[in-house]
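Each chain, written out:
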Amino acid sequence: IADMELAKLPATADGLAAVSESEVLWHIAVLGASIRYGEAEVAARSEKLMALVKSALGDERKPVRRAGAKLVRRILMGLTVPYTRDYVGDGSVTETLKRWAGVGGALLGTEPRAMSLHTPSEAEMKMVRELVEYCLTVCNDCSGGGTDSVVHTALALCKSLVRGCAAVFPDERTDGMGVSLVPNELGAKIIDQISGFLLKLCPVLVPPVHPIESTEKVGRPKLLQKALRVCADLVKGGWRPEVAVLLQSQFASRATGMACTQNVHPESRHRELSRVWYYREAAVVLNNRLRERVTGFKLEGRRRELASLICSYLLNENSAVRGTACESLRSFLKVHYAAKPILMDEVLLPLQQKTVASATGITPDTANLAEAALSGFSEAAKHLLRATCWRRGVADAVKVAMSILEGVNAFTAEGRPQVMPTVMRLQFDLLARWFAVRTAHSVGDVPAAVERIKVVLAMSTTPGTHWRTKICALTVAGTALRYMFLQGVDDLDQALLEAWLREIVEGLKPEAPRQLAAISVAELTCALRAAYKRPASTVAKAVLAVVSGTPGFLDLAGAAAASLHQGHVETEGSTGNQADSVQVVVDAVIGSRRGPNLSWTRASARNVWARHTLLFQSIVAFRYRQKDPNIIPDVKQLLARLQQQPKEEVEDHVVFVEVVGGVFRAARRWPEAELDQLWGALGPVIADELASVQQESILDWQYTVRLIISGTSRRLRLPKDRPSEEASIRRLATFVLSPAGGGKGRLWL
């Protein structure tokens, strides 16, 4: 077939002009299919094939040149790919039976076909070297640019070289075992020359500058996209013959009966299983050869230059270029997985700083450039933002969050240019991802982290800051402070803690947005519990100063809890029917998206939220440890105010139940005299509420009784060094079951 097709394609100095385009494309496609698995037969026709390649690449028609570049890849694969012999055989009946007998071959007396790998001979390698040298020469001749057709041909040749030589020249390393038995003698040259060609060509196609700083609007983005994909192929070694894709796509489907010939006959799938087992054996052998060549490379030399080149187009104003750059970056990181923090610090964050610095000069006519820069940053950071930003310490993690916050603040502050809401939503999604990747590692440089937290907190207190930015800043500061506290840092800056807590308390006020109120409830619950467990820490001192210095703190907490219940769906974790773009940040912090961060258990009640119950429990427990004499009067006053609200104000009566559960859970180990005083003060108010309780609220009260008894902990046995809870449970049971208490047995569990 190859000889027939070569005879129909006369190679001349003018290319293949004597043959029509459709005929040339057809004959080259057939020729490529025939020589793809030719091995030594390809080398025997080296002169004719080389002449045809040169004629096709020199043709004036673009499709013909593209077909010539693809023919180069087919020739290189036929000469170098190790598993070509699966598709060719001796043509005998025995070979055919071994290939297609399938799993039933043993019953027919036909043994499975043995696997045989192809190792290139010296004659084959000579043709490979000649073809590689010619293609590199063609690419280098147009490194300074040229017409679109010339550049396209050069890029197609680069891709053909990388993919066609992946079996013998996958990368630049020459030490250790290679992918094949042939030494890697041209890998370094291919990497160096093609990367040099791309580094010169890409800036000519589209200048790698920030979109706001760009002055040239004319470029060749489609060619740049192709060049960026070639960069990714060059870095990861093209299509290495590891057969992983073949295993997933063919073995998994065909082994379960999903064969491509199943529609012909119900038993047709058995014919193809032998091919599947062959692929499996080939994968085992080739992966064993690749075991010594690990996928990690040092980020230096040409590879570092290519990484910087790809990242320089991540913020391009052309959305197609941005998408291709992100796709290439993702492929790059599959090989250089340890380069994420380096690229984030040295490339991406400086680009974000340029965007923030240019925000004041943005006009409505240039707002699209800022939107492009912000969108590109969020899409790229999504691939680079992993747990590595927390592994090096809190200071580095806060640095990344600061960059995101500065971008949000630059385009949401009062008097600043406004961008599309969808673009800001991408920033909030990125910040939510920053919370989600938080892991327990070393604290790092604590003083540097504290200084950066102060900058973040100052952003939330600056006049003109948008309330969404304030929410993000408070959550970032709280997460960083909580992280350091949980890692054993007890001597945090008390002034910083107090400033942060004051801003959190401001979120309890009625005029605060609901998202900020939800953050305040969760953060205060965590801070109060931390202060209760570590009374000698600076956190406890800061909490005491803020709580004692806030008049009516308990009433503020009750009002905030009631506001969060307004219009909420009857499931815990919902913060209302207001779907705001910053809600994704709130959900990431309070634990509604992933694992529980600032929430603990979910209430099984109809309306009661466990998070609110834990807030009131933490307030009472903390004030009791501080020997505050006004605990019981303040709680009684709050319950009386909630109980007097009309029944139509359902949220106030739900908060009443939450307060009762939190107070008596906190008092479960009080001395009997103090328990008598507590029940004597609160019992009549609770009895009045129970006397007029609605049928739909019974489940809330049942949950509250269970919470008072068992709490939210998973501990099965009470530690021996803790006071007994018997007195508290006995008084609770007496109140619920006695007619004087108003229970009348209706709440019996």
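This structure is a prediction, so every number in the text was calculated from the model and none was measured. (Residues numbered from 1 in each chain as written. Predicted model: local features only at pLDDT ≥ 70, side-chain atom pairs only at ≥ 80, totals over all residues. Heavy atoms only, no water.)

What follows is about the overall build of the chain. In terms of regular secondary structure, the chain is built from 32 helices and zero strands. Among the 749 residues that make up the chain, the fraction classed as buried is 54%. Long-range contacts, defined here as pairs at least 24 residues apart, represent 77% of the contacts in the chain between residues at least 6 apart. In the structure as shown, the chain presents an accessible area of about 33300 Å², 53% of it carried by carbon and sulfur atoms. (Helix = DSSP H or I, 4+ residues; strand = E, 2+ residues; numbered from the N terminus. Buried < 20%, exposed > 50% of the residue type's maximum accessible area, 1.4 Å probe, protein only. Contact = heavy atoms within 4.5 Å. Areas by Shrake-Rupley, 256 points an atom, 1.4 Å probe, with all protein chains shown as cover.)

On to a positive patch on the surface. On the surface, Lys-62, Arg-66, Lys-70 and Lys-222 cluster together to form a positively charged patch. Counting residues per element, the positive patch draws most heavily on helix H5 (residues 62-80), at three residues. By the element assignment, Lys-222 lies in helix H10 (residues 221-236). By relative accessible area, which is 72% here, Lys-222 ends up exposed. (Patch = residues over 30% accessible without salt bridge, like charges linked within 9 Å, V, L, I, M, F, W, Y side chains within 5 Å. Salt bridge = Lys/Arg side-chain N within 4 Å of Asp/Glu carboxyl O. Lys, Arg positive; Asp, Glu negative; His and termini not counted. Charge placed at Lys NZ, Arg CZ, Asp CG, Glu CD.)

Attention shifts here to the packing of aromatic side chains. Under the criterion given, the structure shown has seven aromatic pairs. Centroid distance Phe-656 to Trp-701: 6.2 Å. Interplanar angle 55°. Geometry classified as tilted. Of the two residues, Phe-656 is situated in helix H29 (residues 650-666) and Trp-701 in helix H31 (residues 698-710); the sequence distance between them amounts to 45 residues. Note on Phe-656: relative accessible area 0%, which makes it buried. (Phe/Tyr/Trp six-rings, centres within 6.5 Å; stacked < 30°, edge-to-face > 60°.)

Moving on: empty space enclosed by the protein. Applying the stated criterion to the full structure yields five cavities of 30 Å³ or more. By volume, the largest cavity amounts to about 90 Å³. Top contributing element to the lining of the largest cavity by residue count: H31, with four residues. For the lining of the largest cavity, the per-class residue count stands at twelve nonpolar, one polar and no charged. (1 Å grid on protein atoms, 1.4 Å probe; cavity = no way out; pocket = protein on both sides within 12 Å on 5 of 7 lines; lining within 4 Å. Points joined across faces, edges and corners; volume = space filled by probe spheres on them. Nonpolar A, V, L, I, M, F, W, Y, C, P; charged D, E, K, R; others polar.)

Looking at where Val-230 falls in the secondary structure, it is placed in helix H10. The spacing of Val-230 and Cys-158 is 72 residues in sequence and 7.1 Å in space, taken between C-alpha atoms. Apart from residues lying up to four places away in sequence, Val-230 is in contact with Leu-155, Cys-158, Lys-159 and Leu-198.

This paragraph deals with the nonpolar core. Ranked by internal contacts, the top residues of the largest apolar core, which has 229 residues, are Ile-75, Leu-343, Leu-431, Trp-434 and Met-484. Excluding residues within four positions of it along the chain, Trp-434 makes contact with Leu-385, Cys-389, Trp-390, Ala-397, Val-398, Val-400, Ala-401, Val-476 and Thr-479. (Core = buried A, V, L, I, M, F, W, Y, C linked by side-chain atoms within 4.5 Å.)

With 19 residues, H5 should reach 27 Å at 1.5 Å per residue; the first-to-last C-alpha distance of 27 Å fits that figure. By the criterion of burial, H5 is predominantly enclosed, with 15 of the 19 residues buried. (Expected span 1.5 Å × (residues − 1).)

Our next topic: the packing of helix H7 (residues 122-141) against helix H8 (residues 148-164). Where H7 meets H8, the axes come as close as 9 Å, and the angle between the chain directions of the two elements is 145°. Note that H7 runs across H8; the crossing there is left-handed. Judged by residue contacts, Val-132, Cys-135, Leu-136, Val-138 and Cys-139 of H7 engage Ala-154, Leu-157, Cys-158 and Leu-161 from H8. Its residues assigned to classes, the contact of H7 with H8 shows nine nonpolar, no polar and no charged. (Axes fitted to C-alpha atoms, helices over the stretch in contact; angles between N-to-C directions. Left-handed = near helix turned anticlockwise from the far one by under 90°.)

Here the focus is the confidence of the model for the chain. Counting all residues, the mean pLDDT for the chain is 80, and 79% of those residues have values of 70 or more. Below pLDDT 50 for its whole length, residues 592-602 participates in 35 contacts with residues either more than four positions away or in separate chains. (pLDDT = per-residue confidence, 0-100.)

In this model, Glu-39 sits at a positive phi of 55°, which is unusual for a non-glycine residue. Phi at Lys-627 is positive, roughly 60°, even though this residue is not glycine. Along the chain, Lys-627 turns up in the loop between helix H27 (610-625) and helix H28 (631-643). The class of Lys-627 is exposed, set by a relative accessible area of 72%.

The next subject is the packing of helix H18 (residues 394-410) against helix H19 (residues 421-436). Viewed as axis vectors pointing N to C, H18 and H19 meet at an angle of 165°, and their least axial separation amounts to 10 Å. The orientation of H18 relative to H19 falls into the category roughly antiparallel. Once H18 is placed against H19, the crossing between them reads as left-handed. Residues Ala-397, Val-398, Val-400, Ala-401, Ile-404, Leu-405 and Val-408 of H18 lie in contact with H19, whose contacting residues are Met-424, Gln-427, Phe-428, Leu-430, Leu-431 and Trp-434. Across the contact of H18 with H19, the residue classes tally to twelve nonpolar, one polar and no charged. (Parallel < 35°, antiparallel > 145°, perpendicular 65-115°, else oblique.)

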